[in-house]
Amino acid sequence: MYRILMATVLLMLAVVTNAQEVSREEIRGLDEQIQDVKEDVIGLTSELNRLEEKLLFPSNTQVALFVSLPDSKEFSLESVEVKLDNQIVAHHLYTYREIEALQQGGVQRIHTANVQTGAHPLEVTYFGKSKSGKEYRATASYSVEKAVGPKFVEIQIAGNQSAINFKDW
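In short, a report on the structure. (Residues numbered from 1 in each chain as written. Predicted model: local features only at pLDDT ≥ 70, side-chain atom pairs only at ≥ 80, totals over all residues. Heavy atoms only, no water.)

## As for the overall build of the protein
For the protein, the helix and strand inventory stands at 2 helices and 8 strands. In the protein, the order of α-helices and β-strands from amino to carboxyl end is α-β-β-β-α-β-β-β-β-β. Taken across its 169 residues, the protein has 29% of its residues classed as buried. Intrachain contacts of the protein at a sequence separation of at least 6 include 65% that bridge at least 24 residues. (Helix = DSSP H or I, 4+ residues; strand = E, 2+ residues; numbered from the N terminus. Buried < 20%, exposed > 50% of the residue type's maximum accessible area, 1.4 Å probe, protein only. Contact = heavy atoms within 4.5 Å.)

## Thoughts on the sheet that holds strand β4 (residues 107-114)
Strand order in the open sheet formed by 4 strands is β4-β1-β7-β8, and the pairing between neighbours is mixed. Looking at the sheet topology across the chains shown, the edges are occupied by β4 and β8 (163-168). Sheet twist, expressed as the average angle between the axes of neighbouring strands with direction ignored, equals 20°. Bridge count for strand β1 (residues 62-68) against β4 is 7 bridges, and the pairing is antiparallel. Paired with F66 across the bridge in β4 is R109. (Pairing = 2+ DSSP bridges. Axes fitted to C-alpha atoms, helices over the stretch in contact; angles between N-to-C directions.)

## Concerning the pattern of salt bridges
Two side chains with opposite charge may pair up if their charged atoms get near one another. Under the counting rule described, the total for this entry stands at 3 salt bridges. Among the salt bridges present, the one from E47 reaches R50, with a minimum N-O distance of 2.5 Å. Of the two residues, E47 and R50 both sit in helix α1 (residues 2-56), 3 residues apart, roughly one turn of that helix. Its salt-bridge partner being R109, residue E53 comes within 3.4 Å of it at the nearest N-O pair. On the criterion of sequence distance, the pair formed by E53 in helix α1 and R109 in strand β4 is long-range, its members being 56 residues apart. For R109, a relative accessible area of 40% gives the class partly exposed. (Salt bridge = Lys/Arg side-chain N within 4 Å of Asp/Glu carboxyl O.)

## Description of the sheet that holds strand β6 (residues 135-146)
Reading across the sheet, the 4 strands line up as β3-β2-β5-β6 and stay open at both edges, with antiparallel pairing between neighbours. Each edge of the open sheet is held by one strand with a lone partner, namely β3 (87-93) and β6. The mean angle between the axes of side-by-side strands here comes to 20°, regardless of whether they run parallel or antiparallel. Pairing of strand β5 (residues 118-130) with β6, which is carried by 12 bridges, proceeds in the antiparallel orientation. The residue of β6 that forms the bridge with T125 is T139. Taken strand by strand, helix α2 (residues 96-103) contacts β2 (75-84) and β3, and its axis lies near 90° from that of β2.

In structure tokens, the structure reads:
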């Protein structure tokens, strides 16, 4: 009787040990499958975003406006307001990280729109401070000449000079 009981216990231990090894292998395989699915989802999301942008902003009518801060280590941009065709289309308050990125040469896409060909008035107002605490505010106007094809305009804010320059790309 004792031998039968010992044999049964040993057999059960062997089955449990074998089941744990299979489970670990299955779990590793499942983790790899989950990672593959995550990579597929990221790729599909990226492709959907590109298709959405192409659909919503076809290249023939697209106007994109960008903000940059050339040579502005001593200036901290706080907000920008953009009017296109006499309507406010963008108003942005900057975080510390965004300001830091702009000061390091980054460019921010502040607005993308669909417009017809022709001239469109653009008005930009900004507010900011120097490191000494002096406040700067300026407003400038520009005419966006939209032709067939996409139009890109860079809004360069020279904070300490209270100037706004526009550059067609």
